[in-house]
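# A structural walkthrough
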Amino acid sequence: MTDSHRVLLEFDQALTAAVRPETPQVFINLVTGDCIEKLPEIDAESVHLIVTDPPYYLDGLDTDWRKGTGETPRATGAVGGLPVGMKFDPKQGRDLQAFMEQTGALMLDALVPGGFAVVFSQPRLAHRMAAGLEDAGFEIRDLFAWHFTQRAQPKAFRMEHFIDRMDKSPMEKKQLKRQLRGRRTPQLRPQFEAMVLAQKPRQGTFFDNYLLYRTGLIDTGVTLDGKAPSTVMTVEKPQKGKNNGHMTVKPVRLIEHLIRLFSEPGQVVLDPFLGSGTTAIAAHRTGRACIGIEINSDYINIAEERLEELLQEAQ
Ligand SMILES: C[S@@+](CC[C@H](N)C(=O)[O-])C[C@H]1O[C@@H](n2cnc3c(N)ncnc32)[C@H](O)[C@@H]1O
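As a starting point, this report considers the structure included with it. Sequence positions are assigned chain by chain, starting from 1 and proceeding in written order. The predicted origin of the model limits local features to residues at a pLDDT of at least 70 and limits the giving and counting of side-chain atom pairs to 80 or more, whereas totals for whole chains, interfaces and linings rest on all residues. Only heavy atoms go into the side-chain values, all of them from the structure, while hydrogens and water stay out.

Moving on to the side chain of Lys-173. A run of H or I in DSSP counts as a helix once it spans at least four residues, and a run of E counts as a strand once it spans at least two, with each numbered from the N terminus. In this structure, Lys-173 sits in helix 6 (residues 170-179). It turns out Lys-173 is buried and unbridged, and the closest side chain with the opposite charge, Asp-164, is 5.4 Å from it. Apart from residues lying up to four places away in sequence, Lys-173 is in contact with Ile-163, Asp-164, Met-166 and Lys-168. Partly exposed residues are those whose accessible area sits between 20% and 50% of the maximum for their type, while under 20% is buried and over 50% is exposed, using a 1.4 Å probe and protein chains only. In this tally, Asp and Glu contribute negative charge and Lys and Arg positive charge; neither His nor the terminal groups of the chain are included. By definition here, a salt bridge exists when the distance from a side-chain nitrogen of Lys or Arg to a carboxyl oxygen of Asp or Glu is within 4 Å. Throughout, a residue-residue contact means that at least one pair of heavy atoms, one from each residue, lies within 4.5 Å.

Below you can see the structure in the form of structure tokens.
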């Protein structure tokens, strides 16, 4: 790495963005820690855009998702012995909403007025995600779909397995299986993920706010496919990288598109749930500064490696 790159990458520095809207920023600051503790360290009104992909606290996707917890180690993606997708506990939605209200309030403090937050959500939890952010003080402006065409694994389950475990005669089981042939749990093949578009309330009109903070108006010249940008964004899922074992990596191209739409070069992008660093990479590639917070140091290490690779490629 050259000296200029070292200046650019300030891993684990104090979280002081201290920006005025007219001052272009170039730093990338990756921080290991719980965003509930780290977000308050960011200067108030110093971030122009948040792009983030929080954990849903479902199917084992919490901070210990790769390791299992305590005395009940579990395989990745399974909770309490149930396969992924079978744990439909309404409490999880309420917990997610409360968590998003708490973290949303901290994100709101960091954003300048009129700044946007694009927050990924599993489709069936998007209402909880939006309600949590709204209760934190954001205005909910839209819902987007990240659409992908690859054949995803359908999560629906056949009934045979349950019938086999029933206390019934072989004949009754056979009849039940015939009756339920073709029936599965109600999950279609997933082809999109939701993104909630939230905005910090503006100061004055859209026009006033833009002149003050350079936020709140979008650049509709930005395109993914040569057409005007729309609420459905088709980008294929990234290939699993040899050095990136993170389970939910987002495509850099999609995050770049969001960053271009909702911020300007030299502005500061924040991701409080950075994972393997996709937002930091997209921010750097689009000429924005980035603050990324991630609780799992393994993932911060992956993010650093990905950024260093990117900087080496640029040389
Ligand atoms: C869905 S993943 C983000 C993946 C990311 N978009 C990428 O492309 O790699 C969510 C991340 O949030 C992290 N996380 C969970 N709770 C956190 C917290 N309280 N503070 C910071 N990070 C947290 C998890 O470790 C996980 O890596």
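Tallied over the entire structure, the rule returns 9 salt bridges. When the shortest N-O distance is used, the salt bridge between Asp-95 and Lys-91 registers 2.9 Å. On the criterion of helical spacing, the pair formed by Asp-95 and Lys-91 is a turn pair, its members being 4 residues apart in helix 3 (residues 90-110). Lys-250 is the salt-bridge partner of Glu-193, the closest N and O atoms lying 3.5 Å from each other.

This paragraph deals with the side chain of Gln-187. Considering the arrangement of structural elements, one finds Gln-187 in the loop between helix 6 and strand 5 (192-199). Overall, Gln-187 belongs to the buried group, its relative accessible area being 16%. Side chain to side chain, Gln-187 and Thr-185 meet in a polar contact 2.7 Å long. We define a polar contact as two N or O atoms separated by no more than 3.5 Å, with the added condition that, inside protein, one atom must be a possible hydrogen donor and the other a possible acceptor, whereas residues neighbouring each other in sequence contribute only through side-chain atom pairs.

Time to look at the packing of helix 8 (residues 252-262) against helix 9 (residues 278-285). At a minimum axis separation of 9 Å, helix 8 and helix 9 run at an interaxial angle of 60 degrees. Classified by the angle between their axes, helix 8 and helix 9 sit oblique to one another. Crossing angle aside, the handedness with which helix 8 passes helix 9 is right-handed. For the pair helix 8 and helix 9, the contacting residues are Val-252, Ile-255, Glu-256 and Ile-259 in the first and Thr-278, Thr-279, Ile-281, Ala-282, Ala-283 and Arg-285 in the second. For this classification, Asp, Glu, Lys and Arg are treated as charged, while Ala, Val, Leu, Ile, Met, Phe, Trp, Tyr, Cys and Pro are nonpolar and the rest, including Gly, are polar. When its residues are assigned to classes, the contact of helix 8 with helix 9 shows 6 nonpolar, 2 polar and 2 charged. Whenever a helix is involved, its axis is fitted only over the stretch in contact; in every case the axis is a line through C-alpha atoms, and angles between N-to-C directions fall within 0 to 180 degrees. Note on angle classes: values under 35 degrees are labelled roughly parallel, values over 145 roughly antiparallel, values of 65 to 115 roughly perpendicular, and the remainder oblique. Left-handed is the label given to a crossing in which the near helix is rotated counterclockwise from the far helix by less than a right angle, and right-handed is the label when the rotation is clockwise.

Taking burial as the measure, the 8 residues of strand 5 include 7 buried ones, the bulk of the element. One requirement defines pairing of two strands: DSSP has to find at least two bridges between them. In terms of strand pairing, strand 3 (residues 111-121) meets strand 5 through 6 bridges, oriented antiparallel. When the bridges of strand 5 are listed, Val-118 appears paired with Leu-197.

Here we take up the sheet that holds strand 7 (residues 268-271). Across the sheet, 8 strands lie side by side as 1-8-7-2-3-5-4-6; this open sheet has mixed pairing. Across the chains shown, the open sheet's two edge strands, defined by having one partner strand only, are strand 1 (28-32) and strand 6 (232-234). Recorded for the sheet is a direction-independent mean angle of 20 degrees between the axes of neighbouring strands. As paired elements, strand 4 (residues 139-147) and strand 5 share 8 bridges and run antiparallel to each other. When the sheet's bridge partners are listed, Asp-142 is paired in strand 5 with Leu-197. Running at roughly 145 degrees to strand 3, helix 3 makes contact with strand 2 (47-52), strand 3 and strand 7 of the sheet.

Quick look at the packing of aromatic side chains now. Two rings belonging to Phe, Tyr or Trp (six-membered ring only in the last case) form a pair when the distance between their centres is within 6.5 Å. Interplanar angles under 30 degrees mark stacking, angles over 60 mark edge-to-face geometry, and anything in between is tilted. Applying the stated criterion to the full structure yields 5 aromatic pairs. Their ring planes at 55 degrees and their centres at 5.8 Å tell us that Phe-99 and Phe-273 sit as a pair that is tilted. Residue Phe-99 is located in helix 3, and its partner Phe-273 is located in the loop between strand 7 and helix 9; the two are separated by 174 residues in the primary sequence. By relative accessible area, Phe-273 is classed as buried at 13%. With 6.0 Å between their ring centres and 20 degrees between their planes, Phe-144 and Phe-262 make a pair best called stacked. Within this pair, whereas Phe-144 is found in strand 4, its partner Phe-262 is found in helix 8, the two being separated by 118 residues in sequence. Taken individually, Phe-144 and Phe-262 each receive the classification buried, so the pair is uniform in this respect. Taken together, Phe-116, Phe-144 and Phe-262 form an aromatic cluster joined through their ring pairs. Think of it as a cone above the ring: NZ of Lys or CZ of Arg counts as a charge over the ring if it is within 6 Å of the ring centre and within 35 degrees of the ring normal. A cation sits over an aromatic face here: Arg-202 above Phe-206, 4.0 Å from the ring centre. Directly above the aromatic system of Phe-120 lies the positively charged group of Lys-250, at a separation of 5.4 Å from the ring centroid.

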